[in-house]
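Structural overview for review
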There are 2 protein chains.
Amino acid sequence: MQNHNPEHFSSIATAAPTVFFVSDGTGITAETFGNAVLSQFDLSFQKVRLPFIDTITKAHDAVRKINDTFTISGKRPIVFSTLVKSELSSVVRRSQSMYMDLIQTFVDPLEKELEVKSTHTVGRSHNIVDSEAYKNRIEAINFSLAHDDGQSHKNLSTADVILVGVSRSGKTPTSLYLAMQYGIKAANYPLIPDDFERGKLPSSLPPYKNKIFGLSIAAERLSEIRNERLPGSKYASIENCRYEINEAERMMKREGIRWLSSTTKSIEEISTTILQEIKNEKRS
Amino acid sequence: MQNHNPEHFSSIATAAPTVFFVSDGTGITAETFGNAVLSQFDLSFQKVRLPFIDTITKAHDAVRKINDTFTISGKRPIVFSTLVKSELSSVVRRSQSMYMDLIQTFVDPLEKELEVKSTHTVGRSHNIVDSEAYKNRIEAINFSLAHDDGQSHKNLSTADVILVGVSRSGKTPTSLYLAMQYGIKAANYPLIPDDFERGKLPSSLPPYKNKIFGLSIAAERLSEIRNERLPGSKYASIENCRYEINEAERMMKREGIRWLSSTTKSIEEISTTILQEIKNEKRS
């Protein structure tokens, strides 16, 4: 990393300070969480992730980068750290920065509450590849890929969820997200004009109705998305989108399938909603 | 949710307290972060995510669930909260719990450091679907899917990364992860015995050598993974796995392609390493 590259720092002197996400692992937690905190400020930060800081030497390298930024920008950088080992965090803590220790801040009061000592070990992620949960995620990704867009009717009985909806309503990214983040085996089936004419769900689905979730979407939004793919096509026209969505919603209503609208929802929001439904079911 | 279901609470009285992740959004940040903190304790927690707590009524519902848990288990639950609006957090804060305010804990000192007030607004995620970054992610997922396993040679010039490696070395999940989390357009190509016999990279790749990353893997591990898929096959045999990996590594060395071993690395760790490489390149 060339932190002395002048281009890299051109806009810093007048802007918000640089933010470093420092971790002994990937830094994903530090970055995700730090971004949630920073989103409370109406400023645009320069952000740098420093992952895999797992030796004293690397900790000193990190300090050098942080201090260089301070020297050049004249502003004290902000550090979000998930370093767990005290010999590493004590090094980076001494950098010329506002050092925020994400883990220890909560571990200390938790030790009191739980009346046990923490283990001070580097995140479980280091043996993650051998864990059941990780294997399930990889297996779910393979399942969801094999069952994308109605490609395979095999093993639907092992699916956790089957998403249905018109083309481009968000089924594929949602299926992959559910698989990747939660190890949920999510198949997905398009509802197409053929199905509407027959007035029936795709033929492999009726036995699994209890695990079907529908995605719908506003016609205007759908037309916009489809026009990016096939501009000016009948497929993308607002009339056709309205037709398909009306038919799909009518079918889901008739078949008693739950659905939600993906119009203003991210794949994270859609997935969270589906997860809650699955959990409630298992409990009821 | 049926929190009075006795089964749901059967093991709680003797175990660690229940942990609630409370959020006005998906709760993904609260859960990811809370899990990182909890992993410092050698205890197994009962975990409950309460997402979309975005009204006073829902905040009171959340309090009821937390208090019910306290009543039934006799242990004060732990709450990790990313509620941003003070009218919501002040409700949940009064529950019978150890309440940890993940956002405010860091926003207060940051306000002092930055000498600006925070906006106290609910996470940006609520308009996320319209953002450029979100659209790029969806576009990248579509790209990575279309370019999975060497399926398409079109538009390789627009790929950010092209992963190569033998079958089952981790290319597909890594490509999808890079796309989904970072909006990186990641194509992937298998290296197969045909390529080794010809002694050349797949023919579409040489023009894009600077964006190729290789994945390798220990033969034993590969054989294990392949055996789950096709037990007892030549494809999965340790001899064949050794042959393929030797050939693939020889080819990557000859062609000057960077590679890393996925043997003990999660897709998050592989992706982080690749991201760092891409960034360093752009800076140098």
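Conventions and cut-offs
- Residues numbered from 1 in each chain as written.
- Chains lettered and ligands numbered in written order.
- Predicted model: local features only at pLDDT ≥ 70, side-chain atom pairs only at ≥ 80, totals over all residues.
- Heavy atoms only, no water.
- Pairing = 2+ DSSP bridges.
- Helix = DSSP H or I, 4+ residues; strand = E, 2+ residues; numbered from the N terminus.
- Axes fitted to C-alpha atoms, helices over the stretch in contact; angles between N-to-C directions.
- Contact = heavy atoms within 4.5 Å.
- Salt bridge = Lys/Arg side-chain N within 4 Å of Asp/Glu carboxyl O.
- Buried < 20%, exposed > 50% of the residue type's maximum accessible area, 1.4 Å probe, protein only.
- Buried area = accessible area lost by both parts, 1.4 Å probe.
- Polar contact = N/O pair within 3.5 Å; in protein donor to acceptor, adjacent residues only side chain to side chain.
- Nonpolar A, V, L, I, M, F, W, Y, C, P; charged D, E, K, R; others polar.
- Core = buried A, V, L, I, M, F, W, Y, C linked by side-chain atoms within 4.5 Å.
- pLDDT = per-residue confidence, 0-100.
- Least-squares fit on C-alpha atoms with pLDDT ≥ 70 in both.

Let us now look at the sheet that holds strand β2 (residues 46–50) of chain A. The strand order across the open sheet built from four strands is β2-β1-β3-β4 (chain A), with neighbouring strands paired in parallel fashion. Of all strands in the sheet, those bounded by a partner on one side alone are β2 and β4 (98–101) of chain A. Strand-to-strand twist of the sheet, defined as the mean angle between neighbouring strand axes without regard to direction, takes the value 20 degrees. Across five bridges, the pairing between strand β1 (residues 18–22) of chain A and β2 of chain A is parallel. Across the sheet, residue Val22 of chain A finds its bridge partner in β2 of chain A, namely Leu50 of chain A. Here helix α5 (residues 104–114) of chain B sits on the sheet in contact with β3 (78–81) and β4 of chain A, set at roughly 175 degrees to β4 of chain A.

Let us now look at the pattern of salt bridges. All chains considered together, the criterion is met by 30 salt bridges over all chains. Measuring nitrogen to oxygen at the nearest pair gives 3.0 Å for the salt bridge that ties Lys58 of chain A to Asp54 of chain A. Given a relative accessible area of 33%, Lys58 of chain A falls into the partly exposed group. Using a relative accessible area of 39% as the deciding quantity, one classes Asp54 of chain A as partly exposed. Between Asp195 of chain B and Arg198 of chain B there is a salt bridge whose closest N-O contact spans 3.2 Å. Of this pair, Asp195 of chain B and Arg198 of chain B both sit in helix α8 (residues 193–198), separated by three residues, roughly a single helical turn.

The next subject is the interface of chain B and chain A. A common measure of how large an interface is: the accessible area buried when the components associate. On the chain A side, the residues contacting the 83 residues of chain B number 83 residues. Buried surface at the junction of chain B and chain A, both sides included, amounts to about 7400 Å², of which 65% is carbon and sulfur. Linking chain B with chain A are four salt bridges, by the criterion used here. Across the salt bridge formed by Arg76 of chain A and Glu113 of chain B, the nearest N and O atoms sit 2.6 Å from each other. Our count for the contact surface shared by chain B and chain A stands at twelve residue pairs in polar contact (both at pLDDT 80 or more). For the side of chain B that touches chain A, the elements supplying multiple residues, two or more each, are α2 (28–38), β3 (78–81), β4 (98–101), α5, α6 (132–146), α7 (171–182) and α11 (267–283) of chain B. With ten residues, the single largest contributor to the side of chain B that touches chain A is α11 of chain B. Counted by class, the side of chain B that touches chain A contains 38 nonpolar, 27 polar and 18 charged residues.

Unusually for a residue other than glycine, Asp149 of chain A sits at a positive phi of about 55 degrees. Tracing the chain through its elements places Asp149 of chain A in the loop between α6 (132–146) and β5 (161–165). A relative accessible area of 45% places Asp149 of chain A in the partly exposed class. In this structure, Asn155 of chain B is a non-glycine residue whose phi angle is positive, near 60 degrees. You can see Asn155 of chain B is positioned in the loop between α6 and β5 (161–165).

Moving on, we come to the nonpolar core. By size, the foremost hydrophobic cluster in this structure holds 39 residues, and its most contacted members are Ile78, Phe80 and Leu110 of chain A together with Ile78, Phe80 and Leu110 of chain B. Here this core gets five residues from one element, more than from any other, and that element is α2 of chain B. With near-sequence residues (within four places) excluded, Phe80 of chain B lies in contact with Leu110 of chain A together with Val19, Phe20, Phe21, Val22, Ala30, Gly34, Val37, Leu38, Met100 and Leu102 of chain B.

Before going further, it helps to spend a moment on the confidence of the model for chain A. Averaged over every residue, the pLDDT of chain A is 91; the share at 70 or more is 91%. Confidence drops under pLDDT 50 across residues 1–14 of chain A; counting only partners more than four residues distant or on other chains, this segment forms 27 contacts.

This paragraph deals with the relation of the copies chain B and chain A. The transformation that overlays chain B on chain A combines an axial shift of 0.0 Å with a rotation of 180 degrees, and the residual RMSD is 0.0 Å. Here the transformation between the copies is reduced to the relation of a two-fold axis. Measuring from the rotation axis to each C-alpha of chain B, the shortest distance belongs to Phe33 of chain B, at 3.4 Å. When you check the interface residues of chain B against chain A, 100% turn up at the interface there too, and the contact is symmetric in its surfaces.

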